[in-house]
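Structural description and commentary
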Amino acid sequence: MTKSADAPAASDRRLTLAEVLDGLIVDGMVPREEAEKFKADRRYYKGDTHPLVVIAEQRWKSPASSGTPNRLLDLETLTQWLAKWCGLEYQHIDPLKINFAAVTEVMSNSYAARFRILPVEVRANEVVIATAEPYRRSWEAELAPILRKDIRLVISNPEAIARYQVEFYNLAKFVKGAMARGDGSVGVSNFEQLVELGKTNKQFDANDQHIVRIVDWLWQYAFQQRASDIHVEPRRDLGIVRFRVDGVLHQVHQMPMAVFTAMTSRIKILGRMDVVEKRRPQDGRIKTRTPDGQEVELRLSTLPTAFGEKLVMRIFDPEVLVRDFSELGFGDEDAGRWREMTQRPNGIILVTGPTGSGKTTTLYSTLKALATPEVNVCTLEDPIEMIEPAFNQVQVQSDIGMGFAEGIRALMRQDPDIIMVGEIRDLETADMAIQAALTGHLVLSTLHTNDAAAAVTRLLDLGVPAYLLQATLIGVMAQRLVRTLCPKCKAAAGTRAEDEAQWQALVAPYKSGRPATLYRPVGCLDCRMTGFSGRLGLYELLLMTPECKKLLTGDTDVGKLREQALREGMQPLRIAGARKVAAGLTTIEEILKVAPPQSS
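Labelled according to an unreviewed UniProt entry, the protein appears under the name General secretion pathway protein E, originating from Sulfurisoma sediminicola. We quote the UniProt Sequence similarities (unreviewed entry) comment for the protein here in full: "Belongs to the GSP E family."

Scanning the protein from terminus to terminus reveals 22 helices and 19 strands. Across the 600 residues in the protein, those meeting the buried criterion constitute 52%. Put simply, 65% of the contacts in the protein that link residues at least 6 apart link residues at least 24 apart. On the protein, roughly 27,800 Å² of surface is accessible, and the fraction owed to carbon and sulfur atoms is 50%.

This paragraph deals with the confidence of the model for the protein. Of all residues in the protein, 89% attain a pLDDT of 70 or more, and the chain-wide mean is 85. Considering each helix and strand of the protein separately, the mean pLDDT is smallest for helix H18 (residues 497-507), with a value of 75, and largest for strand S11 (residues 347-352), with 96. For residues 183-188, every residue scores under 50 in pLDDT, and the model assigns this stretch 17 contacts once sequence neighbours within four places are set aside. Across residues 196-202, confidence stays below pLDDT 50; counting only partners more than four residues off in sequence or on other chains, it has eight contacts.

It is worth spelling out the UniProt feature "domain: Bacterial type II secretion system protein E" (unreviewed entry) in the protein at this point. Under the local residue numbering, the UniProt record ascribes the feature "domain: Bacterial type II secretion system protein E" (unreviewed entry) to residues 412-426. Note that residues 412-426 is 0% helix and 27% strand, and that its end C-alpha atoms are spaced 19 Å apart.

Spatially, S1-S4-S3-S2 is the arrangement adopted by the four strands of the open sheet, whose pairing is mixed. Of all the strands in the sheet, just strand S1 (89-90) and strand S2 (117-122) have a single pairing partner and so form its edges. Relative to strand S4 (residues 150-155), S1 runs parallel, the two sharing two bridges. Bridging from a neighbouring strand, Glu89 pairs with Val154 of S4.

All right, on to the packing of aromatic side chains then. Here the structure, examined in full by the defined rule, presents nine aromatic pairs. Each ring, one from Phe38 and one from Trp60, has its centre 5.4 Å from the other, and the planes form 85 degrees; the classification is edge-to-face. Highlighted residues: Phe38 in helix H2 (residues 32-40) and Trp60 in the loop between helix H3 (51-56) and helix H4 (75-86), separated in sequence by 22 residues. There is no split in this pair, since Phe38 and Trp60 are both buried. Through pairs of rings, three or more aromatic residues link up here, namely Trp217, Tyr221 and Phe243.

Turning next to the packing of helix H14 (residues 404-411) against helix H15 (residues 427-438). The contact between H14 and H15 brings their axes to 8 Å, and the two run at 20 degrees. Considering their axes alone, H14 and H15 lie roughly parallel with respect to each other. Between H14 and H15 lies a crossing whose hand is left-handed. The segment H14 lies against H15, with Phe404, Ala405, Glu406, Ile408 and Arg409 engaging Glu428, Thr429, Met432, Ala433 and Ala436. Taken together, the residues that form the contact of H14 with H15 break down as six nonpolar, one polar and three charged.

Most of helix H1 (residues 17-26) is tucked away, with seven of its ten residues classed as buried. Within H1, the full set of buried residues consists of Leu17, Glu19, Val20, Leu21, Gly23, Leu24 and Ile25. Contact partners of the buried residues in H1: H2, H3 and H4. A positive backbone phi angle near 70 degrees is found at Gly28, which sits one or two residues after H1.

Let's shift gears to the packing of H1 against H4. Two quantities define a packed helix pair, namely the angle between the helix axes and the distance between the axes. The interhelical angle for the contact between H1 and H4, taken along N-to-C directions, is 85 degrees, at an axis separation of 11 Å. Considered as vectors, H1 and H4 are oriented roughly perpendicular to each other. Touching Glu19, Val20, Gly23 and Leu24 of H1 are Leu78, Trp81 and Trp85, all from H4.

With that settled, the discussion passes to the side chain of Glu297. Note that Glu297 resides in strand S9 (residues 295-305). Within the structure, the side chain of Glu297 is placed 3.1 Å from the backbone nitrogen of Ile387, a separation counted as a polar contact.

As a further point, take the pattern of salt bridges. All chains considered together, the criterion is met by 31 salt bridges. With a shortest N-O distance of 2.9 Å, Glu233 and Arg242 are connected by a salt bridge. Glu590 is the salt-bridge partner of Lys593, the closest N and O atoms lying 3.0 Å from each other. Linking Lys593 with Glu590, this pair stays in helix H22 (residues 588-594), spanning three residues, or about one helical turn. Judged by relative accessible area, Lys593 falls into the exposed class, the value being 57%.

Moving on: the pairing of strand S16 (residues 473-485). Most of S16 sits out of view: twelve of its 13 residues are buried. Sheet analysis places S11 next to S16, joined by five bridges and oriented parallel. From the neighbouring strand, Ile348 faces S16, where its bridge partner is Leu473. One ladder, built from ten bridges, connects S16 with strand S19 (residues 532-543); its direction is antiparallel. Paired with Gln479 across the two strands is Tyr539, which belongs to S19.

This part is about the nonpolar core. In this structure, Leu218, Ile230, Phe243, Met263, Ile267 and Met313 are the most contacted members of the largest nonpolar core, which totals 91 residues. Once residues within four sequence positions are removed from consideration, Ile230 is found in contact with Leu218, Trp219, Ala222, Val241, Arg242, Phe243, Leu311, Val312, Met313 and Ile315. The next biggest cluster of nonpolar side chains, apart from the first, holds 57 residues, and it includes Ile424, Ala437, Ala478 and Leu538.

The next point concerns the side chain of Gln282. Tracing the backbone shows Gln282 in strand S8 (residues 282-289). When its relative accessible area of 8% is taken as the criterion, Gln282 is described as buried. Side-chain polar atoms of Gln282 contact the backbone nitrogen of Asp274, separated by 2.9 Å.

Pairing is antiparallel across the open sheet formed by six strands, whose spatial order is S7-S6-S5-S10-S9-S8. Strands with a single pairing partner mark the edges of an open sheet, and in this sheet they are strand S7 (248-256) and S8. Between one strand and the next, the sheet's axes are offset by a mean angle of 20 degrees, whatever the strand orientation. Bridge analysis of strand S5 (residues 229-234) against strand S6 (residues 238-245) gives six bridges, and the strand direction is antiparallel. Note on S6: the bridge partner recorded for Val232 is Val241. Contacts between helix H10 (residues 257-270) and the sheet are confined to S5, S6, S7, S8, S9 and strand S10 (308-316), with S7 contributing the most and set at about 115 degrees to the helix.

Criteria and cut-off values
Residues numbered from 1 in each chain as written. Predicted model: local features only at pLDDT ≥ 70, side-chain atom pairs only at ≥ 80, totals over all residues. Heavy atoms only, no water. UniProt positions renumbered as here; feature names shortened; annotations may be inferred. Helix = DSSP H or I, 4+ residues; strand = E, 2+ residues; numbered from the N terminus. Buried < 20%, exposed > 50% of the residue type's maximum accessible area, 1.4 Å probe, protein only. Contact = heavy atoms within 4.5 Å. Areas by Shrake-Rupley, 256 points an atom, 1.4 Å probe, with all protein chains shown as cover. pLDDT = per-residue confidence, 0-100. Pairing = 2+ DSSP bridges. Phe/Tyr/Trp six-rings, centres within 6.5 Å; stacked < 30°, edge-to-face > 60°. Axes fitted to C-alpha atoms, helices over the stretch in contact; angles between N-to-C directions. Parallel < 35°, antiparallel > 145°, perpendicular 65-115°, else oblique. Left-handed = near helix turned anticlockwise from the far one by under 90°. Nonpolar A, V, L, I, M, F, W, Y, C, P; charged D, E, K, R; others polar. Polar contact = N/O pair within 3.5 Å; in protein donor to acceptor, adjacent residues only side chain to side chain. Salt bridge = Lys/Arg side-chain N within 4 Å of Asp/Glu carboxyl O. Core = buried A, V, L, I, M, F, W, Y, C linked by side-chain atoms within 4.5 Å.

Laid out in structure tokens, this is it:
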């Protein structure tokens, strides 16, 4: 990228508000009259705020004569302009892609703060350093001989540099502070434990203030990044932290094994789990708050592995319970069929799909809508996913003989109207759920099957008599989650033979014409350059009509049942996905990835 002819010559100095405004005016980026008036107002020249931040606060829009008319001149847009203006590369700082431990070793916190710079990447022969002051470069001559690597300068958002400079170095300080309290021993849970003679094998204190701050940072960071799960995983010599965002795992950080072990112990203490027990899986839960004060629940699960305890924290957003069906991805027709099913006074409704397909969210949202003061809603879960005061929630505890079947038997004596059973896993649980439905209760539960029709054969395989299914089964809903295209950066894909072939693969053997426009992911700052932001559901609803019930026999042909359901209006998962593609919400590749083809 060539340097703008109007950019000032480089010297060791900071940018001034006047020269930045002059550059923006010359490039036609800001409304000239407003900018000239603003430039003359000496009040804005006080303080130590970066010129781009001062200008971004005015919330100007680019003039009609510019290349992008009426574009809001926010800080990120102005930073991109600055990079082009001074002939340097622009880089958005994505904390999920930065190795904190490596970059904080490049220079001290005080040095980075002094020059307002931030290392963002360390390579074999090069260090990438972000700055918002392209003409303040005396530090390069000091740093290059020490690093013995090339320095590549990039322009980044000045507020992001200030924010992450504090966060990265504080985290590094907490880790070093924790390490200083012990000798760095790994602990006895590693199957390949190296015994070093002369070491004290002192264990880290899980309540050490440095460990407390590391755990607090981990949660707040996960909330900021919209993570649904936090994976804390031991390796041979270190521990790694990964976040699942929109269904995809991203590695966030790695830390010394001893600090990792103490951090895991801290979380187990807060989750009321047995800290000493590391040989068997455990479950726990924690309630905390986001930085804006919103309550969030975390469900904890530990698992002993070859290198120590692996900990997964699932984050439950309380807003899930107040979402309506359209926000979950239901179309009008699907929402109508689902309401018709759930408003029956008694019977069984099943929700099927693999782990992580949104079954719990659907059931909780449905129960929340059904839980009026006039009805008694009881749930039986393993474990309880989210605490909801409108339900009477019961935790399954198999170790004391309180399984799903025993729980249903107990709930039957609690005068329930609606019962939600976490999962039907065996014949005993299925029998008790059917008995509850036969005695006038509405029962909702989950199964793990590929599609809606397969749930019927799964129950028959468990040993449930066909005549009982005919009497109690209201319907089955299969569902999946797909990533949705970022609305701010998605682009039309054009017409390609490859797209036509993929569309035919998606809708075959159903007759459906290709939409006029298909969209593809592009990537922008709002979606962290992934092209996707958020997820929504695909739904396949099989309503057990009289004609479908006639097909329920001891040797039910699932193919015939599916065909009958299709004739009566069932929308297959792939067609549900095709409609989302046609609406410009997602891509064909996303649908093909999650929705199963039609079974024979």
